[in-house]
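# A look at the structure
Spelled out from the first residue to the last, the chains are:
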Amino acid sequence: MGIIVYLTLQLVFANQALSVMGSADRQSCFVNQATVERAAMLWSADNDSVLPPDVRIILGDYLLELPSCPSEGTYTWSRDSGDYRCSIHGSHRNSR
């Protein structure tokens, strides 16, 4: 009986640890998105207030490199909305 309780507790703790790690990845992804969006806004301020057609344009002067999603999601840029969205975590704008 003690082994069953022990194994059950191990599964519960492992599940909680995975949930915390997933939450940390999500938050890190949202920070990445906000960083890229801020850099795009700075670029926009220097370029007649239009958003960049391709987010890679901001590399160098406004951002050293494009960040990667910690969960290996793919980021996409929308010039229309200024939204930098992850295929796994969605947009940080919708997380509030």
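Residues numbered from 1 in each chain as written. Predicted model: local features only at pLDDT ≥ 70, side-chain atom pairs only at ≥ 80, totals over all residues. Heavy atoms only, no water.

### Topic: the packing of aromatic side chains
Short version of the rule: Pairing of aromatic side chains here covers Phe, Tyr and the six-membered ring of Trp, requires ring centres within 6.5 Å, and sorts the geometry by plane angle: under 30 degrees stacked, over 60 edge-to-face, intermediate tilted. Burial classes: relative accessible area under 20% of the type maximum marks a residue as buried, over 50% as exposed, and values in between as partly exposed (1.4 Å probe, protein chains only).
Scanning the model with the defined rule gives one aromatic pair in all. Ring plane angle 25° and centroid distance 4.9 Å describe the contact between Tyr-75 and Tyr-84, whose orientation is recorded as stacked. The exposure class of Tyr-75 is buried, given its relative accessible area of 13%. The class of Tyr-84 is buried, set by a relative accessible area of 4%.

### A few points about the environment of Tyr-62
Rules: Helix and strand definitions here come from DSSP, where helices need a minimum of 4 consecutive H or I residues and strands a minimum of 2 consecutive E residues; each element is numbered from the N-terminal end. Whether two residues are in contact is decided by their heavy atoms: any pair within 4.5 Å suffices. Here a polar contact is recorded for every N or O atom pair within 3.5 Å, except that within protein the pair must consist of a potential hydrogen donor and a potential acceptor, and residues adjacent in sequence are included only if both atoms are side-chain atoms.
Examined against the element boundaries, Tyr-62 turns out to sit in the loop between α1 (2–45) and β1 (75–78). Sequence spacing of Tyr-62 and Leu-42 is 20 residues, and the spatial spacing of their C-alpha atoms is 7.2 Å. Apart from residues lying up to four places away in sequence, Tyr-62 is in contact with Ala-39, Leu-42, Trp-43, Asp-46 and Asn-47. For Tyr-62, the side chain forms a polar contact with the side chain of Asp-46, separated by 2.7 Å.

### Some points on the side chain of Asp-83
Tracing the chain through its elements places Asp-83 in strand β2 (residues 83–86). One polar contact links Asp-83 to Arg-85, side chain to side chain, over a distance of 3.3 Å. Look past the residues within four positions of Asp-83 in its chain and what remains in contact with it is Glu-37, Thr-76, Trp-77, Ser-78, Ser-91 and Arg-93.

### Some remarks on unusual backbone geometry
We note that Asp-48 has phi near 55°; this positive angle belongs to a residue other than glycine. Given a relative accessible area of 74%, Asp-48 falls into the exposed group. Despite not being glycine, Ser-49 shows a phi value in the positive range, around 60°. With respect to the helices and strands, Ser-49 occurs in the loop between α1 and β1.

### Quick look at the pairing of β2
It is a general feature of regular strands that their side chains alternate between the two faces of the sheet. Formally: Should DSSP find at least two bridges between two strands, the strands are regarded as paired.
With four bridges joining them, β1 and β2 adopt antiparallel strand pairing. Across the sheet, the residue bridging to Ser-78 is Asp-83, located in β2. Adjacent in sequence and paired antiparallel, β1 and β2 are bridged by four residues, among which Gly-82 carries a positive phi angle near 75°.

### Here's the deal with the nonpolar core
Which entries qualify depends on this criterion: Among the buried residues, those of types Ala, Val, Leu, Ile, Met, Phe, Trp, Tyr and Cys that are joined through side-chain atoms within 4.5 Å form a nonpolar core.
Core analysis: the biggest nonpolar cluster contains 14 residues, and Val-36, Val-55, Ile-58, Tyr-75, Trp-77 and Tyr-84 have the highest contact counts within it. Where this core is concerned, the elements lending two or more residues are α1, β1 and β2. Top contributing element to this core by residue count: α1, with five residues.

### Describing the confidence of the model for the chain
Our working definition: pLDDT runs from 0 to 100 and stands for how confident the predictor is about each residue.
Here the chain averages 82 in pLDDT, while 75% of its residues score no lower than 70. Here α1 is the element of the chain with the lowest mean pLDDT, 70, and β1 is the one with the highest, 96. Here residues 5–21 is modelled with pLDDT under 50, and outside its nearest four sequence neighbours on either side it reaches zero contacts, counting other chains as well.

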